[in-house]
Amino acid sequence: MIRVLDKATIDKIAAGEVIERPSSVVKELLENAIDAGSTAVTVEIKDGGTSFIRVTDNGCGIPKEEVRIGFRGEALSTIAAVSQTEMITKTATDLTGIKYVIHGGKEIEYKDVGVPNGTTIVVRNLFFNTPARKKFLKSAMTEGSYIFDLLTRIALSHPEISFKLIANGQTRIDTSGNGKLKDTIYQLYGRDITANLIPIDYTDGDIHLSGFIGKPFIARGNRGLENYFINHRYIKSNVVNRAIEEGYRTFVMQHKFPFTVLYLDLPQEKCDVNVHPTKMEFKYDNEKKLFEVCCTAVKL
């Protein structure tokens, strides 16, 4: 016998696939803020994001008539299904904004409020109604480090946006958003790394690679400082990893990995980022060519 699942159960299943931990929530909310045309975004967390996440942006806001519709989409609905979620949003053309509160997928409050333009979303007590999911979370410090790493990558991919991360009342990240990548690197990694960068700007056909790679003596013993972005999205790719390391291999000792902030501009129609629910894994239709271009650009 086939039984159709109710919406609450469907949302919880979807949340298990898309919302794995607090950093997953922050990622979805940051992407929404960027899509809304924000120039400044502040993320505040407590207890590694397990008890409290607040993302505030100065973007276009959501029209009143679309607020409820927004919680029928994949990200917001799945977040709201497994947390106590509050949204406050206002567009430039509306006189007042809307406060919308959902707990565990159930609407609690919907009312007019006086607020600035933009959107603030607060997520409290993540996985409060799915204890099995909550059990798999790591310590607050570790979960907080995932959010720190996420904010770092997103700030690097959008130097034209100011990002701030406040964790347990302390400012951990604060970028200017002046559009200069080197300034953003300085604000995230400090003077020593920024003073030892080599610019890269290389084109082969419809593949363009630009950004910075660190001089060999600032290489590290792990891949933690390898940052690369495909069409301004942080992506994981074994092909790009291997190409960068192969191109850099002759300059460093074995088991050392370069500092990189590299932008790959590729034709959208040749890319597939939908190979994993988190959309972080990536496939390209000519991976041999992609490998050759990245390897050559790093060697030059």
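Residues numbered from 1 in each chain as written. Predicted model: local features only at pLDDT ≥ 70, side-chain atom pairs only at ≥ 80, totals over all residues. Heavy atoms only, no water.

**A few points about the overall build of the chain**
What counts is decided by this rule: The way it works is that DSSP assigns letters per residue, a run of H or I at least four long becomes a helix, a run of E at least two long becomes a strand, and they are numbered from the N terminus. Atoms counted for the radius of gyration: C-alpha only. Globule rule: 2.2 Å times residue count to the power 0.38. Remark: exposure states derive from per-residue accessible area (1.4 Å probe, protein chains only) relative to the maximum for the residue type, with buried under 20%, exposed over 50%, and partly exposed in between. In what follows, a contact means two residues having at least one pair of non-hydrogen atoms within 4.5 Å. Here the accessible surface of atoms and residues is derived via Shrake-Rupley with a 1.4 Å probe, and residues count as covered only by protein chains that are part of the display. Charge assignment: positive for Lys and Arg, negative for Asp and Glu; neither His nor the chain ends contribute. In plain terms, the charge of a residue is placed at NZ if it is Lys, CZ if Arg, CG if Asp and CD if Glu.
Looking only at helices and strands, the chain features 10 helices and 15 strands. Computed over C-alpha atoms, the radius of gyration of the chain comes to 21 Å, within 12% of the 19 Å expected from 2.2 N^0.38 for 300 residues, which places it in the range of a compact globule. With the C-alpha coordinates aligned to their principal axes, the bounding extent of the chain is approximately 60 × 50 × 40 Å. Residue burial in the chain is summarised as follows: out of 300 residues, 48% are buried. Counting only contacts in the chain whose residues sit at least 6 apart along the sequence, the fraction spanning at least 24 positions is 66%. For the chain, the computed accessible surface area is about 15,200 Å², with 51% contributed by carbon and sulfur atoms. Once the 39 positive and 37 negative side-chain charges of the chain are each reduced to a mean point, those two points are 6 Å apart.

**Considering the side chain of Asn-196**
You can see Asn-196 is positioned in the loop between helix 8 (191–194) and strand 9 (197–204). Residue Asn-196 is classed as buried on the basis of its relative accessible area of 15%. Dropping the residues within four chain positions of it, Asn-196 is found in contact with Ile-213, Gly-214, Lys-215, Phe-217 and Ile-218.

**Focus on the environment of Ile-53**
Structurally, the position occupied by Ile-53 is in strand 2 (residues 52–57). For Ile-53 and Ile-121, which are 68 residues apart along the polypeptide, the C-alpha to C-alpha distance reads 8.0 Å. Beyond its immediate sequence surroundings of up to four residues, Ile-53 is in contact with Pro-22, Val-25, Val-26, Glu-44, Ile-45, Ile-121, Val-122 and Val-123.

**What about the sheet that holds strand 12 (residues 233–234)?**
For sheets, the rule is that strands pair by backbone hydrogen bonds, running either parallel or antiparallel. We count it as follows: In this analysis, strands are considered paired if DSSP registers two or more bridges between them.
Read from one edge to the other, the open sheet built from 5 strands follows the order 9-10-13-11-12, with strand pairing classed as mixed. Either end of the sheet is taken by a strand with one partner, and the two such strands are strand 9 and strand 12. Examined bridge by bridge, strand 11 (residues 226–230) and strand 12 share 2 bridges and lie antiparallel to one another. Looking across to strand 12, one finds that Phe-229 is bridged to Tyr-234.

**Regarding the environment of Gly-144**
Within the secondary structure, Gly-144 sits in helix 6 (residues 140–157). Distance in space between the C-alpha atoms of Gly-144 and Thr-85 is 19 Å, their sequence separation being 59 residues.

**Thoughts on the packing of aromatic side chains**
Cut-off, in case you're wondering: Centres within 6.5 Å are what make two rings of Phe, Tyr or Trp a pair, Trp counting through its six-membered ring; a difference in plane orientation under 30 degrees is then read as stacked, over 60 as edge-to-face, and the rest as tilted. Two conditions define a charge located above a ring, namely a distance within 6 Å from the ring centre to NZ of Lys or CZ of Arg, and an angle within 35 degrees of the ring normal.
Applying the stated criterion across every chain yields a total of 6 aromatic pairs. Taken together, the aromatic side chains of Phe-71, Tyr-100 and Tyr-110 make up a single cluster linked through ring pairs. When the ring centre of Phe-52 is taken as origin, the NZ or CZ atom of Lys-46, which lies over that ring, is 4.9 Å away.

**Concerning unusual backbone geometry**
One can expect most non-glycine residues to show negative phi and most peptide bonds to be in trans. Backbone geometry at Asn-125 places phi at a positive 50 degrees, although glycine is not the residue there. Inspection of the secondary structure puts Asn-125 in the loop between strand 6 (118–124) and helix 5 (131–135). Even without a glycine there, the phi angle at His-232 is positive, about 65 degrees. Among the structural elements, His-232 can be located in the loop between strand 11 and strand 12.

**A short note on the confidence of the model for the chain**
Threshold: Along the chain, pLDDT gives the predictor's confidence residue by residue, from 0 to 100.
Model confidence for the chain is summarised by a mean pLDDT of 90, while 91% of its residues fall at 70 or above. Below pLDDT 50 for its whole length, residues 1–5 participates in 2 contacts with residues either more than four positions away or in separate chains. Within the model, the stretch residues 12–16 combines pLDDT values under 50 with 11 contacts to residues more than four positions away or in other chains.

**Considerations on the side chain of Thr-184**
Position of Thr-184 among the secondary structure elements: in helix 7 (residues 181–189). The class of Thr-184 is buried, set by a relative accessible area of 1%. Residues contacting Thr-184, with those up to four places away along its chain left out, are Ala-155, Leu-156, Pro-159 and Thr-175.

**Quick notes on the packing of helix 6 against helix 7**
Stated precisely, the cut-off is as follows: Comment: axis = line fitted to C-alpha atoms, over the contacting stretch for helices; angle = value between 0 and 180 degrees taken between N-to-C directions. If an angle is under 35 degrees, it is roughly parallel; if it is over 145, roughly antiparallel; if it lies from 65 to 115, roughly perpendicular; otherwise it is oblique. Handedness of each helix crossing follows the sense of rotation of the near helix against the far helix: counterclockwise by less than a right angle gives left-handed, clockwise gives right-handed. Residues are grouped as follows: nonpolar covers Ala, Val, Leu, Ile, Met, Phe, Trp, Tyr, Cys and Pro; charged covers Asp, Glu, Lys and Arg; every other residue, Gly included, is treated as polar.
Two numbers describe how helix 6 lies on helix 7: the axes approach to 9 Å, and their chain directions differ by 165 degrees. Judged by the angle between their axes, helix 6 and helix 7 are roughly antiparallel. By crossing handedness, the relation of helix 6 to helix 7 is classed as right-handed. Facing helix 6, whose interface residues are Thr-152, Ala-155 and Leu-156, helix 7 presents Leu-181, Thr-184, Ile-185, Leu-188 and Tyr-189. Looking at side-chain class alone, the contact of helix 6 with helix 7 contains 6 nonpolar, 2 polar and no charged residues.

**Let's talk about helix 7**
As a reminder, the rule being used: An arc is given here, and it is the one of the directions from the helix axis to the C-beta atoms.
Of the positions making up helix 7, those classed as buried are Leu-181, Thr-184, Ile-185 and Leu-188. Looking straight down helix 7, one finds that the buried residues subtend no more than 100 degrees of arc, so they occupy a single side. As for helix 7, its buried residues are in contact with helix 6, strand 8 (170–174), helix 8, strand 9, strand 10 (207–214) and strand 13 (260–265). Just beyond helix 7, the residue with positive phi is Gly-190, at close to 95 degrees.

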